[in-house]
Amino acid sequence: MSGEDSDPGSAGDADVDADADADADADGDTGSRNLCVDIINEYRATEGKPPYARWADAEPCSDDEARSDSETGIPHGAFGACGESAQNECPGWPGPVETLLEGCLAGMWAEGPGEPFSEHGHYINMSSTSYTEVACGFHTTAGGGIWALQNFR
């Protein structure tokens, strides 16, 4: 469940067999993952909602989903592989990760409350009280585009 994504970038990665740990070091270090969760929780706090916990156990799987989606060029193509209930994705954004997270998450939050889900889904996922955890996954393509996703459960 996501909604429509904006700013899709280049898909594809020349080295599809790249080591997942190297990818995490480049894109999904602890600081980037904490920043991702912190930004989402800052938005939630503006509405008096409790913070999401960082779902660290799902981060390697979330990185794999981001890589898979970058290879197919289909946002949310691997949705569900990590046991998540909802997902937001920032496909192929330029870096650095910090700038990507600020811009993409701001755009998602700006969708605001409302219906239909296709127009407000990212906001709905970020503001939901049905979920308690979020895992942030990252992958950088050979062309430099960063695929970042947030899995909610």
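Residues numbered from 1 in each chain as written. Predicted model: local features only at pLDDT ≥ 70, side-chain atom pairs only at ≥ 80, totals over all residues. Heavy atoms only, no water.

Student: Provide a residue-level description of the sheet that holds strand β2 (residues 86–93), including the pertinent values.
Tutor: Taken together, the four strands give an open sheet; going across it, the order is β1-β3-β4-β2, and neighbouring strands pair in mixed fashion. What marks the edges here is a single partner per strand, and that holds for β1 (53–54) and β2. In this structure, β2 lies alongside strand β4 (residues 146–152), joined through six bridges in antiparallel fashion. The partner of Ala-86 across the bridge, within β4, is Phe-152. Helix α2 (residues 30–45) rests against β1, β3 (133–140) and β4 of the sheet, and its axis sits at about 130° to β3. Those strands touched by helix α5 (residues 117–127) are β2 and β4, and its axis lies near 120° from that of β2. (Pairing = 2+ DSSP bridges. Helix = DSSP H or I, 4+ residues; strand = E, 2+ residues; numbered from the N terminus. Contact = heavy atoms within 4.5 Å. Axes fitted to C-alpha atoms, helices over the stretch in contact; angles between N-to-C directions.)

Student: Before we move on, can you summarise the nonpolar core with the specific residues and values?
Tutor: A general trend in soluble globular proteins is that nonpolar side chains are found buried together. Among the nonpolar cores identified, the biggest contains 24 residues, and Ile-40, Leu-101 and Phe-152 are the most heavily contacted of them. For this core, the elements supplying multiple residues, two or more each, are α2, β2, α4 (97–109), α5, β3 and β4. By residue number, the principal contributor to this core is α4, which donates seven residues. (Core = buried A, V, L, I, M, F, W, Y, C linked by side-chain atoms within 4.5 Å. Buried < 20%, exposed > 50% of the residue type's maximum accessible area, 1.4 Å probe, protein only.)

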